[in-house]
Amino acid sequence: MVRLLGPQDRLLKTVEGQFPLVRVFVRGNEVTLEGDVEQVAAARRLVEELISMVRNGQDLGSAEVETSARILRNDPDSSPAELLSQAILTTKGKSIRPKTLGQKAYVDAIDQNTIVFGIGPAGTGKTYLAMAKAVQALQRKEVSRIILTRPAVEAGERLGFLPGTLNDKIDPYLRPLYDALNEMMDPEVVPKLLATGTVEVAPLAYMRGRTLNDSFIILDEAQNTSPEQMKMFLTRLGFGSKIVVTGDVTQIDLPAGASGLQLVTQVLDEIDDIHFVRLTSDDVVRHSLVGRIVDAYTKYDAERQVKRFERDHPESQDGSNRAERRAAGNHGRRQNGSTWRGERS
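Residues numbered from 1 in each chain as written. Predicted model: local features only at pLDDT ≥ 70, side-chain atom pairs only at ≥ 80, totals over all residues. Heavy atoms only, no water.

Student: What is the right way to look at the overall build of the protein chain in this model?
Tutor: Each helix and strand in the protein chain was counted, giving 13 helices and ten strands. Counting only residues that meet the buried cut, the protein chain has 40% of its 345 residues in that class. Relative to all contacts within the protein chain whose residues are 6 or more apart in sequence, the contacts with residues 24 or more apart total 68%. If you sum the accessible surface of the protein chain, you get close to 19900 Å²; carbon and sulfur atoms cover 51% of it. (Helix = DSSP H or I, 4+ residues; strand = E, 2+ residues; numbered from the N terminus. Buried < 20%, exposed > 50% of the residue type's maximum accessible area, 1.4 Å probe, protein only. Contact = heavy atoms within 4.5 Å. Areas by Shrake-Rupley, 256 points an atom, 1.4 Å probe, with all protein chains shown as cover.)

Right, here's the structure in full:
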């Protein structure tokens, strides 16, 4: 019951938030729902699914409750407990699994395709789930090594020349990948895997001229690749390998020019065995504010694009204005003509 309700009954409040006309009471091990008949029935179904998840050992959070409610709303015959029960990894007593339908589609696409692009905003689990699938593939001996890469691009700040060896210089760019790796594997094992080359973390610039066989390859922050770099990276694919490319096209840090991730969606969209998964704010599994921040910026960017189009294409606006002025002029002449004819008569 404690796992079902969450700390300070937080999950209980989330259930009530999904059904405003339902009141939820908990006494001991008994849950009572009161209110509108239809909403009580829907809330009961949701609570039953959440109980199934808890019994299966799944840790619940607000994201799981909201996603389960959305699944049942769209398809009352479906079972969120079954859809979201797929554990990719269990490490340090914690199961890593998809928490939304978008994430489930992303994980399934990685299983079914050789090259997968995970495109979406921050907090949707693009890199984290890809890393989990890579570690799973290595543990199952489906691949012999994991290769993680990123373009070395600063996020809006010029860091200048960093001190130290070459590895010291590129380490800040690749640190997020090391952090995710240490979360999913024993920190004592990771250095040994890095030393033997079983796991390789390298900047994108080091990929030129290589053919990567029997590998699980992840390109992170792909929105900061140029079209030439994206082509170079994708053509590194060797036999028995799988590629996952992740990125957020709304956070491009390139100083100038087109993003390789934006272009590749147009070039490779219809090729078999290449799949594009587009995640949205509904798939954000960080703090609930992150999803709202993503939506606010998306709305702002859309409005700014409209204003930029109107500024760059004044002829379209002028054309409509001329048509309006012409129509107004004709209307005025018709009015003047009728008055004049009336005076003449």
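Student: Any chance you could explain the nonpolar core here in plain terms?
Tutor: One broad rule of soluble globular proteins: the nonpolar side chains tend to lie buried together. Grouped together as the largest cluster of nonpolar side chains are 35 residues, with contacts concentrated most on Tyr106, Met184, Phe216 and Ile218. Ranked by residues supplied to this core, first place goes to helix α7 (residues 126-139) with eight residues. Discounting residues that sit within four places of it in the chain, Phe216 has contacts with Ile110, Ala130, Lys133, Ala134, Ala137, Val143, Arg145, Ile146, Ile147, Lys242 and Val244. (Core = buried A, V, L, I, M, F, W, Y, C linked by side-chain atoms within 4.5 Å.)

Student: Before we go on, may I ask you to explain the side chain of Gln136 in this structure?
Tutor: Relative to the assigned elements, Gln136 resides in helix α7. Take Gln136: its relative accessible area is 8%, and that puts it in the buried class. Not counting residues within four places of it along the chain, the set of residues in contact with Gln136 comprises Ile88 and Leu89.

Student: Can you walk me through the packing of aromatic side chains in this structure?
Tutor: Each aromatic ring pair is characterised by the separation of its centres together with the angle its planes make. Taken as a whole and assessed by the stated rule, the structure comprises one aromatic pair. Look at Phe117 and Phe276: their rings are 4.6 Å apart centre to centre, the planes differ by 10°, and that puts the pair in the stacked class. Taken together, the residues Phe117 in strand β5 (residues 115-119) and Phe276 in strand β10 (residues 274-278) connect sequence positions 159 residues apart. Assessed through its relative accessible area of 0%, Phe117 is described here as buried. For Phe276, a relative accessible area of 10% corresponds to the buried category. (Phe/Tyr/Trp six-rings, centres within 6.5 Å; stacked < 30°, edge-to-face > 60°.)

Student: Explanation requested: the sheet that holds strand β8 (residues 215-219) in the structure shown.
Tutor: Remark on secondary structure: sheet strands pair via backbone hydrogen bonds, oriented parallel or antiparallel. Taken in spatial order, the six strands line up as β7-β6-β8-β9-β5-β10 in an open sheet, and their pairing is parallel. Each edge of the open sheet is held by one strand with a lone partner, namely β7 (199-203) and β10. Across the sheet, the axes of successive neighbouring strands diverge by a mean angle of 15°, strand direction being ignored. As paired elements, β5 and β10 share five bridges and run parallel to each other. Across the sheet, the residue bridging to Ile119 is Arg278, located in β10. (Pairing = 2+ DSSP bridges. Axes fitted to C-alpha atoms, helices over the stretch in contact; angles between N-to-C directions.)

Student: I'm lost on the packing of helix α6 (residues 101-112) against α7 in this one. Help?
Tutor: For any two helices packed against each other, one specifies the inter-axial angle together with the distance between the axes. With their axes 11 Å apart at the nearest point, α6 and α7 run at an angle of 40° to one another. Judged on the interaxial angle alone, α7 and α6 are oblique. The interaxial crossing formed by α6 with α7 has right-handed handedness. Counted together, Gln103, Tyr106, Val107, Ile110 and Asp111 of α6 and Lys126, Leu129, Ala130 and Lys133 of α7 form the full contact between these two elements. (Parallel < 35°, antiparallel > 145°, perpendicular 65-115°, else oblique. Left-handed = near helix turned anticlockwise from the far one by under 90°.)

Student: Quick question: what am I supposed to make of the layout of surface pockets here?
Tutor: Once rolled over the atoms, a probe with the size of a water molecule shows which space is left empty. Reported here for the second largest pocket is a volume of approximately 410 Å³. Lining the second largest pocket are 21 residues, and of these Gly120, Pro121, Asp248, Val249 and Thr250 sit closest to its centre. Looking at the lining of the second largest pocket, the elements that each hand over two or more residues are α11 (260-267) and α12 (288-312). Take the lining of the second largest pocket: its biggest share by element is seven residues, from α12. Here the lining of the second largest pocket is built from residues that sort into nine nonpolar, eight polar and four charged. (1 Å grid on protein atoms, 1.4 Å probe; cavity = no way out; pocket = protein on both sides within 12 Å on 5 of 7 lines; lining within 4 Å. Points joined across faces, edges and corners; volume = space filled by probe spheres on them. Nonpolar A, V, L, I, M, F, W, Y, C, P; charged D, E, K, R; others polar.)

Keep in mind these values describe shape, not function.
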